[in-house]
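Here is what each chain is made of, one letter per residue.
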Amino acid sequence: MTDTTHEARHIPDRIDTPLRAAIFSWPVLLLVVAIALFVLNSFASPYFLSPWSLSDATFNFTEKAIIALAMALLIISGEIDLSVASIIALASTMMGLALQLGVGTPGLVAIGIVTGLFCGVFNGFLVTRLGLPSIVVTIGTMSFFRGISFIVLGDQAFKGYPASFDFFGQGYVWWVVSFEFVLFLVCAVIYYVLLHRTNFGRHVFVIGNNPMAARFSGVRVERVKFFLFCLTGLMSGIAAVLLTSRLASTRPSIALGWELEVVTMVVLGGVSILGGSGSIQGVVLAAFIMGLVTFGLGLLNVPGIVMSIFIGTLLIFVIALPIVFRMLRERRS
Amino acid sequence: MTLPLPIPKITLSGITKTFPGVRALHEVGLELYPGEVTALIGENGAGKSTLVKTMTGIYQPDAGEIRIDSLPVELPSPHAAFRLGITAIHQETVLFDELSVAENIFLGHAPKTRFKTVDWRGMRERAGKLLGEIGAGHIAPDERLKDLSIANKHLVAVARALSVDADIVIMDEPTAALSFKEIQDLFELIEILKKNGKAILFISHKFDEIYRIADRYTVFRDGAMVGKGLIKDTNQNEVVRLMVGRSVDHVFPKKSVEIGEEILTVAGYCHPTEFADINFTLHKGEILGFYGLVGAGRSELMQALFGITKPSKGAVKIAGEIAVIRSPAEAVEKGIVYVPEERGKQGVIVDLPIFQNISLPSLDRTSQNGFLKLVEEFALAREYAARLDLRAASLDQNAGTLSGGNQQKVVIAKWLATQPRVIILDEPTKGIDIGSKAAVHAFMGELAANGLAVIMISSELPEIMGMSDRIVVMREGRIAAVLENNEELKAEALVRAAAGIGEEAA
Amino acid sequence: MKTLVRSREFWLAVIIAVMIVATNFRSPGFASPGNLASIFNDTAILLILALGQMTVILTRSIDLSMASNLALTGMIVALINAAYPAIPVPALMVLAAFCGVVLGAFNGALVWLLGIPAIVVTLGTLTIYRGLIFLIAGGQWVNADAMSSSFVQLTRTDLLGLPLLSWYAIVVAAGFFLLMTRTSVGRSIYAIGVNPTASIYAGIDVGRTKFVAFCLSGMLSGFCGYLWVSRYVIGSVEVAKGYELTIVAACVIGGISIAGGVGTVVGAVLGALFLGVINSALPVINISPFWQMAISGAAIILAVVLNARGEKRGGRVILRQAESAS
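Parameters and conventions
Residues numbered from 1 in each chain as written. Chains lettered and ligands numbered in written order. Predicted model: local features only at pLDDT ≥ 70, side-chain atom pairs only at ≥ 80, totals over all residues. UniProt positions renumbered as here; feature names shortened; annotations may be inferred. Helix = DSSP H or I, 4+ residues; strand = E, 2+ residues; numbered from the N terminus. Rg over C-alpha atoms; globule rule 2.2 N^0.38 Å. Buried ≥ 20, exposed ≤ 12 C-beta atoms within 10 Å, placed from the backbone. Contact = placed C-beta atoms within 7 Å. Nonpolar A, V, L, I, M, F, W, Y, C, P; charged D, E, K, R; others polar. Pairing = 2+ DSSP bridges. Axes fitted to C-alpha atoms, helices over the stretch in contact; angles between N-to-C directions. Parallel < 35°, antiparallel > 145°, perpendicular 65-115°, else oblique. Left-handed = near helix turned anticlockwise from the far one by under 90°. pLDDT = per-residue confidence, 0-100. Core = buried A, V, L, I, M, F, W, Y, C linked by C-beta atoms within 7 Å. Domains from an automatic or database assignment.

- For chain C, an unreviewed UniProt entry supplies the name Autoinducer 2 import system permease protein LsrC and the organism Oricola cellulosilytica.
- Recorded in UniProt under Subcellular location (unreviewed entry), the annotation for chain C is "Cell membrane".
- The record held by UniProt for chain C lists under Function (unreviewed entry) the comment "Part of the ABC transporter complex LsrABCD involved in autoinducer 2 (AI-2) import. Probably responsible for the translocation of the substrate across the membrane."

- Labelled according to an unreviewed UniProt entry, chain A appears under the name Autoinducer 2 import system permease protein LsrD, originating from Oricola cellulosilytica.
- Of the comments in the UniProt record for chain A, the one headed Subunit (unreviewed entry) reads "The complex is composed of two ATP-binding proteins (LsrA), two transmembrane proteins (LsrC and LsrD) and a solute-binding protein (LsrB)."
- Per its UniProt entry, chain A bears the Subcellular location (unreviewed entry) comment "Cell membrane".

Right, here's the structure in full:
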């Protein structure tokens, strides 16, 4: 460094202030939509604003949203897990089997969660160790996991879960605030910190943007992805405990079709399906929006199947809208 | 030497193309003459690729006119350009790996039977004939393209160009991935094309190639045409002056540095298919050049040292201690870092901000218990951006918005921030402009002076001879020679070792 | 010959044959022509759908809305048949295909014009199309009583020993074979899957080709809408629910790479037949039909593991002796 006399060029850290960037972000747009829906709902139905009905509304989406938190990280990293609903079925079936053997509530919870985790390990192994495309692998395990439930149960159901087990899916922590809802909020905070405030979260974004450059930069890509599959399995196991407790029964068709709803929630939350970008705030807001829509239309006696039209349209609409705007802007200039 | 014909085959005039915020081409003109090779010369970012994309119908110019045989034409799509007889052979061979050779040649204009279905037999026959014409009879029309070497893929691309009887052939850095022998074959092929009256546009960074094959030249700088003429009427200095807008005497800033103790020892290093019996040592303060033809196994060797691929046997010692490196993460921990040749794919992460690119392998140091600390990240990025004289609007800007040279600086900054012991640079100045090139060279000299051990892979003789203390020459996956770089070393010796030509044959 | 033995399709055919023969040992008569024909007839709809899905997957996309498209179109033709039994059924079949094309074109247009990833678009239309069934039918079912006899019979009538349903599948498979191997549309579909960038240079419009692929998969879904309703004599919101992933499964088992550009009509047909044979074999060998789902899941996983092994390429061959050894 002896003869380099050039003055170091000053490069500012940022041009856009964080505040300015935040105001025009996806989560803020979602927040506006959520508030609008909330106001609309409270006009549409007099029952909407009652604390108990609002509390009821949360049950519609918390289990899916709990999985969506982990799914968001997985999709940001460029992978996907379509087997989550089947993991619920298998975990619930294992809990039911344990119940037949006389296992008590703590044991049931543990079995549900561990089964979920094990399924995640299985997916993670196939994808990261054998290097297979996750969309195909998890379509396979989707059939496989739920298939095991069908083998075990056929057209039967497990019933008779102990009363102490009811708490997880039906219990309240305080007044109208359910255990499920509190658990969701706690998980949301944990996932927010994990994704946006830790080295691990940064690695998730980096891998989603460019897995090869990530590996060439010393990021342990396979390890991170494996861990994400485990997390998604784990969250599905937790969701299985909540759902089984709420329904107080296990059928092999439990949570059928949830995988696509969870993915919808994540994508609606602004996570790029191609990986590399997204936020937990967005996913949480998307969960609320889907809950509000379902519940609001429910109060108006609109059947669930029609709500799905709304959700589907919303999904396409929110993704198409910015693209259309960008196209119009480019055409003008 | 063919006499310049008065009528150009294709004439571009007043072509202007603007992208949001960038004026890529400004009223440029270009003429190509039948039976002649015109070299298009310019630094990266001078507008050569944009011009090629305009000529092949991928971009629509904002203004200007294109005439073929003096008639104005429109090129609304790549297919329209193709139909008008314009065909391009690109940097990365843009063909279809999974399809057969014949399909690659005839895709988009396959011969049809009278039932309007694809005539497979006719297609194979014609493909075989075309390949024969260009001296590529060894390629079977039924072969899958993915089983061919890059040079053979080029031949398929040329056959494709001939299949529509294209009169205008654009070759965009066709030699970038070819070996010495393959380049010679390509030049012979270009001579055939010239004899057939094709108008050829040849784009290359390598002056020796341009002087060897081109009849005319056109120089672009910053999106404008700054000079043209006959090759025989000019010299290299004149062209370089036009390119950079000033005359440069490229001095390599190699300093004589005291070579320190041994830092890296590689012994008996082997890979099942890529390299074998590799032995070399590297010292502190040394720049060890790796020379060889493209495909000699240099990058593959370095990627094994960096933990990307697995060697089959051999030992690596770092500062005298046996080091087992199974992943890039472990290599970084042990102080070996690698600046890859494929900058856009393996080096920078284009959609992440500069500061996150720089801090990526150093996150453990800028964070606390695994939690990010943005202040420290920015501080680290600022420090190394300044050291490398990075040109950027802000550290929060996405790395993909930088020029190639500045992206390379980001990659180097990223690795220096880890405070490595050994830095491996794989073709560090490939495809970057002359200004950044000099900066990278200067910086390499500085690193060595500061006691870092540097390995530099380069296929450019001036660079390898200007920068290295010692030069390892590789050929076909093995070390062919290790040479001291002193006054007596001649370029011919390197080339001979790389090509496997003995003294007596020279 | 060598290439035949090396091909994935050959081995899949062998596996299917082995399964049929093995089942025949347990239950003689399984491999009788009559039973094989009935297995084929049971698989006909899946086979047609798999061809549509293959077309889309080849272009590096996916169509998750096929089953919903099928159900919606099936409901539309069933309602029309119930209301106006005089309308000839072949006209309804054409209408079904047309409705399917419209629904497919909607997917394709979003992918083509707005560049939204296909998985997102069809995830959305998957729910929208199914929701629409409820809207147009008001939650009602259309069952056998409401359907005209020709509506029901046009899948069942025997022709040369096979029901018409099987013939439809054969005609569609043959048509797609010609389409994919003998026409420029087919070659374009492969080309954009193998190398989208190069396709642009070859004068192929990538977006428009994807649009065409979605129209084709929509057309087949719509046509299957009629077939399904006619065969199972039921039109409801629940028709073919969850079937979209079975279709993808047939493609994966048939060796169609989800990464695009790789896969054949024969593969898709065999993939569907594989699932069909398993379905019919299970009850025969006294395994509860509830095993079927887990087995097809295991088959998908196995297929993708094997596919990946086939595609895995070693490092570059630089060394001389390695070259001669390989």
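### Observations regarding the overall build of chain A
Part 1 of the argument: Looking only at helices and strands, one finds 15 helices and four strands in chain A.
Part 2 of the argument: In terms of overall size, chain A behaves like a compact globule, its C-alpha atoms giving a radius of gyration of 22 Å where 333 residues would be expected to give roughly 20 Å.
Part 3 of the argument: Sorting the 333 residues of chain A into buried and exposed places 53% on the buried side.
Part 4 of the argument: Restricting to contacts in chain A with at least 6 residues of sequence separation, those with at least 24 account for 78%.

### With respect to the interface of chain C and chain A
Where interface size is quoted, it is often the accessible area lost as the parts come together.
Part 1 of the argument: Contacts between the two partners involve 42 residues from chain C and, on the opposite side, 42 residues from chain A.
Part 2 of the argument: Those elements that place two or more of their residues in the side of chain C that touches chain A are α6 (118-137), α12 (243-253) and α14 (292-311) of chain C.
Part 3 of the argument: Classifying every residue of the side of chain C that touches chain A by side-chain character gives 31 nonpolar, ten polar and one charged.

### Some points on the UniProt feature "transmembrane region" (unreviewed entry) in chain A
Residues and elements named next belong to chain A.
Part 1 of the argument: What UniProt calls "transmembrane region" (unreviewed entry) maps, in this numbering, to residues 23-44, 65-91, 130-152, 172-194, 226-248, 254-275, 282-299 and 305-325.
Part 2 of the argument: For residues 226-248, the helix share is 96%, the strand share is 0%, and the end-to-end C-alpha distance is 32 Å.
Part 3 of the argument: A distance of 25 Å separates the end C-alpha atoms of residues 282-299, which is 100% helix and 0% strand.

### Describing the sheet that holds strand β18 (residues 453-457) of chain B
Residues and elements named next belong to chain B.
Part 1 of the argument: The six strands are arranged β16-β17-β18-β13-β19-β20 in an open sheet whose pairing can be described as mixed. Sheet topology places β16 (336-339) and β20 (478-484) at the edges, where each strand pairs with a single neighbour. Across the sheet, the mean angle separating the axes of adjacent strands is 20 degrees when strand polarity is ignored.
Part 2 of the argument: Against the sheet, helix α9 (residues 298-305) makes contact with β13 (287-292), β16, β17 (422-426), β18 and β19 (470-475), and its axis sits at roughly 145 degrees relative to β18, the strand it touches most.
Part 3 of the argument: Along the sheet, helix α18 (residues 491-499) contacts β13, β19 and β20; its crossing angle with β19, the most-contacted strand, is approximately 30 degrees.

### Quick notes on the environment of C:Leu270
All names here are of chain C.
Part 1 of the argument: Topologically, Leu-270 is positioned in helix α13 (residues 265-284).
Part 2 of the argument: Given 24 C-beta atoms within 10 Å, Leu-270 falls into the buried group.
Part 3 of the argument: In sequence terms Leu-270 and Cys-251 are 19 residues apart; their C-alpha atoms lie 8.9 Å from each other.
Part 4 of the argument: Apart from residues no more than four positions distant in its own chain, Leu-270 is found in contact with Glu-9, Leu-12, Ala-13, Ile-16 and Gly-254.

### What to know about the interface of chain C and chain B
Part 1 of the argument: Facing 26 residues of chain C, the contacting portion of chain B comprises 30 residues.
Part 2 of the argument: Those elements giving two or more residues to the side of chain C that touches chain B turn out to be α8 (164-182), α9 (184-194), α10 (196-201) and α15 (320-325) of chain C.
Part 3 of the argument: For the side of chain C that touches chain B, the element with the highest residue contribution is α9(C), accounting for five residues.
Part 4 of the argument: Residue classes in the side of chain C that touches chain B are distributed as 14 nonpolar, eight polar and four charged.

### Details of the packing of helix α10 (residues 199-209) of chain A against helix α12 (residues 221-247) of chain A
Residues and elements named next belong to chain A.
Part 1 of the argument: Orientation of α10 relative to α12, taken along the N-to-C sense of each, is 110 degrees, at an axis distance of 10 Å. Judged by the angle between their axes, α10 and α12 are roughly perpendicular. Packed against α10, whose contacting residues are His-203, Val-204 and Ile-207, the element α12 presents Val-221, Val-224 and Lys-225 at the interface.
Part 2 of the argument: For the contact of α10 with α12, the per-class residue count stands at four nonpolar, one polar and one charged.

### Looking at the packing of helix α14 (residues 280-299) of chain A against helix α15 (residues 304-332) of chain A
Residue and element names in this part refer to chain A.
Part 1 of the argument: Orientation of α14 relative to α15, taken along the N-to-C sense of each, is 145 degrees, at an axis distance of 10 Å. By crossing handedness, the relation of α14 to α15 is classed as right-handed. The segment α14 lies against α15, with Met-290, Val-293, Thr-294 and Leu-297 engaging Met-307, Phe-310 and Ile-311.
Part 2 of the argument: Of the residues belonging to the contact of α14 with α15, the class tally is six nonpolar, one polar and no charged.

### Some words on the confidence of the model for chain A
Part 1 of the argument: Scored by pLDDT, chain A comes out at a mean of 88, with 94% of its residues at no less than 70.
Part 2 of the argument: Confidence drops under pLDDT 50 across residues 1-7 of chain A; counting only partners more than four residues distant or on other chains, this segment forms two contacts.

### Quick look at the pairing of strand β9 (residues 216-221) of chain B
Residues and elements named next belong to chain B.
Part 1 of the argument: The element β9 is extensively covered by neighbouring structure, given that five of its six residues are classed as buried.
Part 2 of the argument: As judged from the four bridges shared by strand β3 (residues 37-41) and β9, these two strands associate in the parallel manner. Each residue of the ladder has a partner; that of Ile-41, found in β9, is Val-219.
Part 3 of the argument: Pairing of β9 with strand β10 (residues 224-230), which is carried by six bridges, proceeds in the antiparallel orientation.

### Describing the nonpolar core
Part 1 of the argument: Counting 372 residues, the largest nonpolar core has A:Ile88 and B:Val454 as the members making the most contacts within it.
Part 2 of the argument: Counting contributing residues, this core receives three or more from each of domain 1 (10-244) and domain 2 (262-347 + 418-499) of chain B.
Part 3 of the argument: Not counting the four nearest positions on each side in its chain, B:Val454 is found in contact with B:Glu286, B:Ile287, B:Leu288, B:Ile423, B:Leu425, B:Met444, B:Leu447 and B:Ala448.

### Quick look at the confidence of the model for chain C
All names here are of chain C.
Part 1 of the argument: Of all residues in chain C, 93% have pLDDT values of 70 or greater, and the mean over the chain is 86.
Part 2 of the argument: Here residues 322-326 is a poorly scored stretch, pLDDT under 50, and it has five contacts once near neighbours within four places are set aside; other chains count.
Part 3 of the argument: Scored as a complex, the prediction yields pTM 0.81 and ipTM 0.83.

### Digging into the sheet that holds β10(B)
Residues and elements named next belong to chain B.
Part 1 of the argument: The strand order across the open sheet formed by six strands is β6-β7-β8-β3-β9-β10, and the pairing between neighbours is mixed. Strands with a single pairing partner mark the edges of an open sheet, and in this sheet they are β6 (86-89) and β10. In this sheet, adjacent strand axes meet at a mean angle of 20 degrees when their direction is disregarded.
Part 2 of the argument: Bridge count for β3 against strand β8 (residues 199-203) is four bridges, and the pairing is parallel.

### Things to note about unusual backbone geometry
Part 1 of the argument: In this structure, A:Trp175 is a non-glycine residue whose phi angle is positive, near 50 degrees.
Part 2 of the argument: Turning to its location among the elements, A:Trp175 is positioned in the loop between β2 (172-174) and β3 (177-178).
Part 3 of the argument: Although it is not a glycine, B:Asp277 adopts a positive phi angle of roughly 50 degrees.
Part 4 of the argument: The residue B:Asp277 is located in the loop between β11 (262-270) and β12 (278-283) in this model.

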